[in-house]
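Secondary and tertiary structure notes
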Amino acid sequence: MKPFPTVAVPHKDIIEDRLTMDVFAANLWEVFKGRAPDEYQDPETFFKKTYQTQGLKNIIDITQKRLGGEGGDPVIQLQTPFGGGKTHTLIALYHKAKEMGAKTVVISGTALDPKDITIWEEMEGQLTGKVEKLEGNTSPGHEKIRSLLDDNQPVLILIDELLEYATKAAGVKVEGSNLASQLLAFMQELGEAVSTVAKAQVIVTLPSSHMEHFDEAAEALFTQLQKVFGRLEKIYTPVEDDEIYPVIRSRLFSTVDERDSSKIVNQFMDYAELENILPDNIDKSDYKHKFLKSYPFQPEVIDVLYKRWGSFPSFQRTRGVLRLLSLVVNSLKDSKNPIIRLSDFDLGYDEIKRELINFAGPEFDSIIASDITSSESGSKETDKKLGAAYLSYSFGTKISTTIFMYSFSGSQSGKHGASIREIKMSCADVDIPSAIISDAIGFLNDTLLYLHSRDGRYFIHREPNPKKAFISKKEGIKDEVVTNAEEDLLGSILGRKIFEVYKWPKRTNDIPDTKKLKLIVGKDPDRFEEFLESYGERPRIYKNTMIFLAPFESERHVFDDHVRGKIAWDLVLKDPLINLNQDQKKEIKEKVKNAEKDSKEYIRNLYRIVYVPTRDGLKDIDLGRHPYGMSTSVDNEIKERLKIDDELSDILAPLLIQKKYLSGKNYVETKNILDSFYKTPGEDRITSDNVLKTSIIEGVKQELFGLGVLTDGEIKCQKFGEKCTPYLQEEEIIIDSGICSQPQCPELTISFIKNQHLKLGEYVKTKEIFESLLKDCKEEEATNKLISAIKKGVQEGSFGIGQLVDGKPECQLFEEECYPTLLNSEIITRADLCKEETGDIKQYTTSSFKIKNLYLKDRDYITTKSIFKSELKDYDDKEVCSKLKDALVNGVKEGLFGLGDLNNGEPDCAFFKENSTPELYINEIIINPSICDGDSDVYKNIELEFEVPVDKVPDIIRMINFLKEPFDEVNAKTNFKITARNGDMPITDFERIKETFDQLNVKIIKEMKK
């Protein structure tokens, strides 16, 4: 859109800075005396710059008729507000009368001194050049006046500021009355006389309201004058409200390109409609019509000045608007703006500001500076807050300027301040969405000291808003209060699930020297090196467990300001001496609530620099600003960032372990690897021991290395290519895969068992065969192959299976199916020991092993009574009963089966792996071990109580660690009693011992010292 000065061209006097404000002070007397500026003195210039309103045209037509003897009103009163165009109209009539050749009489109440001359004397002097017939302080009477007018017609009498003359005349004594009373009589007589002279007319001006009166006496005179003229006059208003737009435009601009102005208005209207900011109290087409008439001014510019500022007693409506707008146009003569808005009033321009505060009050000089124009004002601060993209638009300054212009309402407006819609309309820019204005209003609401709002309308008031009290409270907040708030807020964002957290420690031994990962939150990073290197008076061991968090000092001011602001608003709200209305209370409560909600964001953005130990010292990592609305705790955020930066691991690749720790080595102790993680800065930092354990388990399974022990310098590989359980204890090692690689587990045949294990003896324990296989076979593979070979050999009769009974081998199963257990008492025997000899007296024998294989090989349970009956045959029943019970007791104790009852047809295991007393009754059963304990080879719960000397405590600790692998919960507690005699220990050393107990959270039950 084109700049407005190229579409609506201002008059030269406005553009060239030749304009003086007295140009707009129209003065009829000065025109009469020939001393007025060209704008008024020269008729051509005057009418060129004057928009002829309908009212002005009507009065001129009436005057022309009257002076031409064609009728028309003889007496006319012009009644408008001060500055409403009365004097301007009289000057127009003066020039027209001269143009018609009529005589004129000009009376100015402000120019004449009643003590020197009366109005009737001045009238005669102007018409005849001398004062004879109407001389004296007494009104001359109707006949003398008529005679004077009749002799000099056509004649036009223009009387301006009559009330002021009458007020002065009241102070001049005339015999028993005063000159004001004579003036009233004269005006009555003049009106009557003019009515009888065909080509004579009187036009007089009176104010439209009491605002321009001087005192009670003047009020009385005003009323009397109205009564005098009321009988004779016609009252005309030269300028109607809707005519003010072209009046202003004609006076300030020489030409307006209607085509270009129409394009600009149409484009602006389209934007305003799209943004939904058009005034809601006027039809769109009516508003557009007003805009076209007022262009380049937005209609609101003239409306606010004419109707709101025009309510000031001293603001001379049309004249005042012209004076102010001429200054505005001059200040914008080089502007690129397509229109002139209220927001374009430059309150930093001294003449504009002076013109406004002349009416608003001198106190607004400092208010304008404080809130709008100074470089430190809230408006300029808002300009910057909106960002670089909007800085050139100065929305903060424009909005506050608009609000200021709307803040002075008179009786005609019925409203106080400006709505958001009105503000948007007055600050609108077709290139920018109006939503940014709402954001700016929010910022201004937080920063301007004299901005108030009520019922959705914003205004500048001479009284400060609570912001001033807020600033005072804020300045009074001590640093220690902010520090306490900072400490509380830190606690709200620091979780404790990942790290042990230590906030603002003072001494190095405030931080335990343990393997636990620790987050140390400190204010002074310069001390972090001291905490890293020392634990009290000794060097710190577990350095790589130390992670530090420090503030980003560039955020310090922002954080402190937020905290002070939150506390200050809370103090304002609670201060009984501060008088707050309900709207203000509600607004401040909302501020406190929002500040509370945002506090975590501010403390997180302050504490964002993480330091971790490396080989070259502490390395800093900036977490950056916290994404808005993100709810992750700081410890979790630190963990995730350290993982991204490879500074923390909860997974270790087994290949990394192999290459880093076994390269060129046969083995390395697992405990040493673990210690390096915790002790050596720059080493891999792990979240727990389980990270290394998991890596070792996977590495062994993948055959990257083996797991075993170092015994007397000898490497023993125990696990390779299979599941393992590392404990990370002394002597436990991971071993180079080349050492642990084993030959293929051989096929296990019946002949191999006979030739290798039964060649030299009658029997061999199955467990011994199994252990010999482990040299070349994995445990699971050895188990499966051996059981398979034994079952097949027994069934084929190559050897038998049984137990050692009283130290002698007893073959219990032969040439039948069996189920080997590979337990300690189980044996395989030569076949000849299993064959019965003919003629020998048979004695009853049985065993727990035989019972399991014969009676539980394909069932879950069997009654002991049925076993007894099956075993009885030709044997003595007492002998069978006794030996069967013994076998059952041993079988239950060894875990080969359980003992119990049938309850409702279901087996109920009562005894398993413990002493029992079989009775062989009808419901008593032996039960498959899998039913009694799910897995016959495991214990679900263990409880041990024992006494142990101090030198064996490390072994017990290793055993406890061993228990932690298969059990989810392992609790171990012990009572220590330390007695130390016959020595000397300084009290300070003893205090260090007690300090150690405090750090370990161990309570001393009894203490004695002397």
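Residues numbered from 1 in each chain as written. Predicted model: local features only at pLDDT ≥ 70, side-chain atom pairs only at ≥ 80, totals over all residues. Heavy atoms only, no water.

**Focus: the state of the cysteines**
Let me state the cut-off plainly: Disulfides are defined as cysteine sulfur pairs within 2.5 Å. A run of H or I in DSSP becomes a helix once it reaches four residues, and a run of E becomes a strand once it reaches two; helices and strands are each numbered from the N terminus. Using a 1.4 Å probe on the protein chains alone, a residue whose accessible area is under 20% of its type maximum counts as buried, one over 50% counts as exposed, and one in between counts as partly exposed.
Applying the stated criterion to the full structure yields three disulfides. Each sulfur in the disulfide pair Cys717 and Cys740 lies 2.0 Å from the other. Taking the sign of the S-S torsion, about 115 degrees here, the bridge from Cys717 to Cys740 comes out right-handed. You can see Cys717 sitting in strand β22 (residues 714–719) and its partner Cys740 sitting in helix α34 (residues 737–740), a full 23 residues away along the chain. Covalent S-S linkage joins Cys811 and Cys834, the inter-sulfur distance amounting to 1.9 Å. Here the disulfide of Cys811 and Cys834 is right-handed, its torsion about the S-S bond being about 100 degrees. Here the residue Cys811 occupies a position in strand β26 (residues 808–813), and Cys834 occupies one in the loop between β27 (826–830) and α38 (848–855), the gap between them amounting to 23 residues. For Cys811, a relative accessible area of 23% gives the class partly exposed. The cysteine Cys818 is free of any disulfide, with Cys811 supplying the nearest cysteine sulfur at 10.0 Å. Overall, the relative accessible area of 0% leaves Cys818 in the buried class.

**Some points on the pairing of strand β18 (residues 607–614)**
Keep this limit in mind: One bridge is not enough; two strands pair if DSSP finds at least two bridges between them.
With eight of eight residues buried, β18 is to be regarded as a mostly interior element. Of the strand pairs in this sheet, strand β17 (residues 546–551) and β18 are connected by four bridges, and their pairing is antiparallel. Bridge pairing in β18 places Pro551 opposite Tyr607. By the bridge criterion, six bridges tie β18 to strand β19 (residues 617–622) in an arrangement that is antiparallel. Bridging across to β19, Val612 finds its partner in Lys619. Counting the residues between successive antiparallel strands, the hairpin from β18 to β19 contains two residues.

**What to know about a negative patch on the surface**
For clarity, the cut-off: A residue counts toward a patch only above 30% relative accessible area and without a salt bridge, and it is joined to like-charged neighbours within 9 Å or, for Val, Leu, Ile, Met, Phe, Trp and Tyr, to nonpolar neighbours within 5 Å. All accessibility values rest on the Shrake-Rupley procedure with a 1.4 Å probe; residue burial counts only the protein chains present in the view. By definition here, a salt bridge exists when the distance from a side-chain nitrogen of Lys or Arg to a carboxyl oxygen of Asp or Glu is within 4 Å. Charge assignment: positive for Lys and Arg, negative for Asp and Glu; neither His nor the chain ends contribute. Note that the charge is assigned to NZ on lysines, CZ on arginines, CG on aspartates and CD on glutamates.
Residues Asp712, Glu714, Glu730 and Glu731 make up a contiguous surface patch of negative charge. You can see Asp712 is positioned in the loop between β21 (705–711) and β22. Asp712 gets classed as exposed once you look at its relative accessible area, which sits at 81%.

**Digging into a positive patch on the surface**
On the surface, Lys977, Arg981, Lys1006 and Lys1010 cluster together into a patch of positive charge. Tracing the backbone shows Lys1010 in the segment after α43 (987–999). Lys1010 sits in the exposed class, given a relative accessible area of 98%.

**Quick word on the packing of aromatic side chains**
Note the following rule: Ring pairs shown here join Phe, Tyr and Trp side chains whose ring centres sit within 6.5 Å, with only the six-membered ring taken for Trp; geometry is labelled stacked below 30 degrees between planes, edge-to-face above 60, and tilted in between. As a reminder, the over-ring test applies to NZ of lysine and CZ of arginine, requiring each to be within 6 Å of the ring centre and within 35 degrees of the ring normal.
Scanning the entire structure with this criterion turns up 18 aromatic pairs. Note on Trp29 and Phe32: the rings are 5.4 Å apart at their centroids and 50 degrees apart in plane angle, and the pair reads as tilted. Residue Trp29 and its partner Phe32 are located together in helix α3 (residues 28–33), separated by three residues, close to a single helical turn. Judged by its relative accessible area of 10%, Trp29 is buried. A relative accessible area of 23% places Phe32 in the partly exposed class. Site record: aromatic cluster; members linked through ring pairs are Phe268, Tyr271, Tyr287 and Phe291. One residue, Lys96, lies across the ring of Phe47, its end atom 5.0 Å from the ring centre.

**A closer look at the nonpolar core**
A general trend in soluble globular proteins is that nonpolar side chains are found buried together. Our working rule: Here, the term nonpolar core denotes a set of buried Ala, Val, Leu, Ile, Met, Phe, Trp, Tyr and Cys residues that are joined through side-chain atoms within 4.5 Å. Residue contacts are counted whenever heavy atoms from the two residues lie within 4.5 Å of one another.
Tyr295, Phe297, Trp309, Leu325, Ile399 and Phe404 are the most contacted members of the largest nonpolar core, which has 75 residues in total. Here the element with the most residues in this core is helix α17 (residues 317–331); it accounts for seven residues. Here Phe297 is in contact with Ile248, Leu252, Phe253, Phe291, Ile302, Leu325, Val329 and Ile340, once residues within four sequence places are set aside. With 67 residues, the next largest nonpolar core counts Leu28, Ile119, Val174 and Leu221 among its residues.

**Considering the sheet that holds strand β28 (residues 861–863)**
Rules: Fitted lines through C-alpha atoms give the axes, limited to the stretch in contact for helices. The angle between two N-to-C directions lies from 0 to 180 degrees.
Strand order in the open sheet formed by four strands is β28-β31-β29-β30, with antiparallel pairing between adjacent strands. Looking at which strands have only one partner, the edges of the open sheet turn out to be β28 and β30 (906–911). On average, adjacent strands in this sheet sit at an angle of 40 degrees to one another, irrespective of strand direction. Pairing between strand β29 (residues 898–903) and strand β31 (residues 924–927): four bridges, direction antiparallel. What sits directly across from Gly900, in β31, is Ile925. Running at roughly 65 degrees to β28, helix α39 (residues 864–872) makes contact with β28, β29 and β31 of the sheet.

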